[in-house]
Amino acid sequence: MRSMSQICLLVFVFLSSLNPVLAEPKVELSFEVNKKVSAVPLSILARIGEMLFGATQTVDRFSVINGVAVDAQDNIYLTDSEKERVVILNKEGKALPRGGEIGRRIFKNPMGIAVDSRGRIYVTDTILNKLFIFDKNGVLLQSLLGDGTERGSFLRPSGVVVDEAQQRIIVSDTGNHRLQIFDLQGKFISFLGKNGNREKEFLFPTFLAQDSLGRTYVVDTINQRIQIFDKDLNFAGKFGDAGDILGYFGRPKGIAVDAAGNIFVSDSYFNVISIFDKERKPLLFFGRNDSGKGNLYVPMGLAINSQGEVIVADSQNLRAAVFKVTW
């Protein structure tokens, strides 16, 4: 006859077989960048041109990095707010030949950034209260509106995503506690949300992300949660709350979703990145309040490249950090 402890063990094993424990991902630092020097090979003619015309392959040290995006080639785009520019790196974190930054003398405080399949670059500016759109060569195409509370106007806009499937641009209108929606030509369509803490209400929403199903994830920062909307922008769920343990937030800011649906959220209060699975169950967090290698200090925007690497805007360490995640 089995003892009670043996029976309990058998029950535990049986229940575990019904709900297998997910393996924790392993996170390792790939590299950090606080200034960049080109490692991209130049042809002999390009090198001669560089000597003759003084073209540079370096960009000076970053200031505060807030937003981050990647394009189809895994190039990295960073909003360098205090130096009023966007910096562009290749996937190894090196400068691209004859380029690497845009927006000087245009921006005042660039914040959120997105890149579409055509290579167009979308940048919000929290001081100018505008969304700027550049072509793939960094030529300014248009800027959307100015400051205000009217529909289609912005007050300290931050996050931006380009939803090409639905032919629209979605912007976090942070100071107005709402999302603003435009078509791809920049024409105002509608807005979503108001000041509050119920479903479809926000308190200073910041960064945005989309998943492979077309769902939009909104970092509802001061409500300390993430809200999710389906492809028709209907409310589809939420997760997170105020707290200092895994699965809770202090001041969430950046967000990204990988190809498998795993969700990454930066917390600028606790200086960590939290990882959730596609069912929104918390898995782990990484980072700490430190300037040491692999640590984070006020992390902001996030992006994930085609290899599943997580690029973090490590804002107060004045650098970008790239982490490899192994599942």
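See the structure above.
Anyway, here's the lowdown on the structure attached to this text.

The rules behind the values
- Residues numbered from 1 in each chain as written.
- Predicted model: local features only at pLDDT ≥ 70, side-chain atom pairs only at ≥ 80, totals over all residues.
- Heavy atoms only, no water.
- Helix = DSSP H or I, 4+ residues; strand = E, 2+ residues; numbered from the N terminus.
- Buried < 20%, exposed > 50% of the residue type's maximum accessible area, 1.4 Å probe, protein only.
- Pairing = 2+ DSSP bridges.
- Axes fitted to C-alpha atoms, helices over the stretch in contact; angles between N-to-C directions.
- Core = buried A, V, L, I, M, F, W, Y, C linked by side-chain atoms within 4.5 Å.
- Contact = heavy atoms within 4.5 Å.
- Phe/Tyr/Trp six-rings, centres within 6.5 Å; stacked < 30°, edge-to-face > 60°.
- Lys NZ or Arg CZ within 6 Å of the ring centre and 35° of its normal.

**Thoughts on unusual backbone geometry**
- At Lys200, a position not held by glycine, the phi torsion is positive, near 65 degrees.
- Positionally, Lys200 belongs in the loop between strand 15 (188-192) and strand 16 (205-210).
- You will see that Val298, though not glycine, has its phi angle at about 60 degrees, which is positive.
- Within the secondary structure, Val298 is located in the loop between strand 23 (282-286) and strand 24 (299-304).
- Its relative accessible area of 19% is what places Val298 among the buried residues.

**Quick look at the sheet that holds strand 17 (residues 216-220)**
- As summarised here, the arrangement of the 4 strands in space is 16-17-18-19, forming an open sheet in which the pairing is antiparallel. The sheet is open, and its two borders are formed by strand 16 and strand 19 (235-239), each paired with just one other strand. With direction set aside, neighbouring strand axes in the sheet form an average angle of 20 degrees.
- Pairing of strand 17 with strand 18 (residues 225-229) involves 5 bridges; the strand directions are antiparallel. Among the inter-strand pairings, Thr216 is bridged to a residue of strand 18, identified as Phe229.

**Remarks on the nonpolar core**
- Phe62, Val68, Ile76, Leu78, Leu89, Met300 and Ile311 are the most contacted members of the largest nonpolar core, which has 19 residues in total.
- Counting only elements with at least two residues in this core, the list comes to strand 1 (26-33), strand 4 (65-70), strand 5 (76-80), strand 6 (85-89), strand 24, strand 25 (310-314) and strand 26 (319-326).
- It is strand 4 that provides the largest number of residues to this core, a total of 3 residues.
- Residues contacting Met300, with those up to four places away along its chain left out, are Ile65, Asn66, Met111, Phe207, Lys253, Gly254, Ser266, Ser268, Ala313 and Ser315.

**As for the sheet that holds strand 23**
- Overall, antiparallel pairing links the 4 strands, which are arranged 20-21-22-23 in an open sheet. One side of each edge strand has no neighbouring strand; the edge strands of this open sheet are strand 20 (252-257) and strand 23. Within the sheet, the average angular offset between the axes of one strand and its neighbour, ignoring direction, is 20 degrees.
- By the bridge criterion, 4 bridges tie strand 22 (residues 272-276) to strand 23 in an arrangement that is antiparallel. Note on strand 23: the bridge partner recorded for Ile273 is Phe286.

**Overview of the packing of aromatic side chains**
- Scanning the entire structure with this criterion turns up 12 aromatic pairs.
- Ring centres of Tyr269 and Phe270 lie 5.0 Å apart, and the angle between their planes is 85 degrees; this geometry places the pair in the edge-to-face category.
- Judged by its relative accessible area of 30%, Phe270 falls in the partly exposed class.
- Above the face of the Phe191 ring, Arg178 is positioned so that its terminal group lies 5.6 Å from the ring centre.

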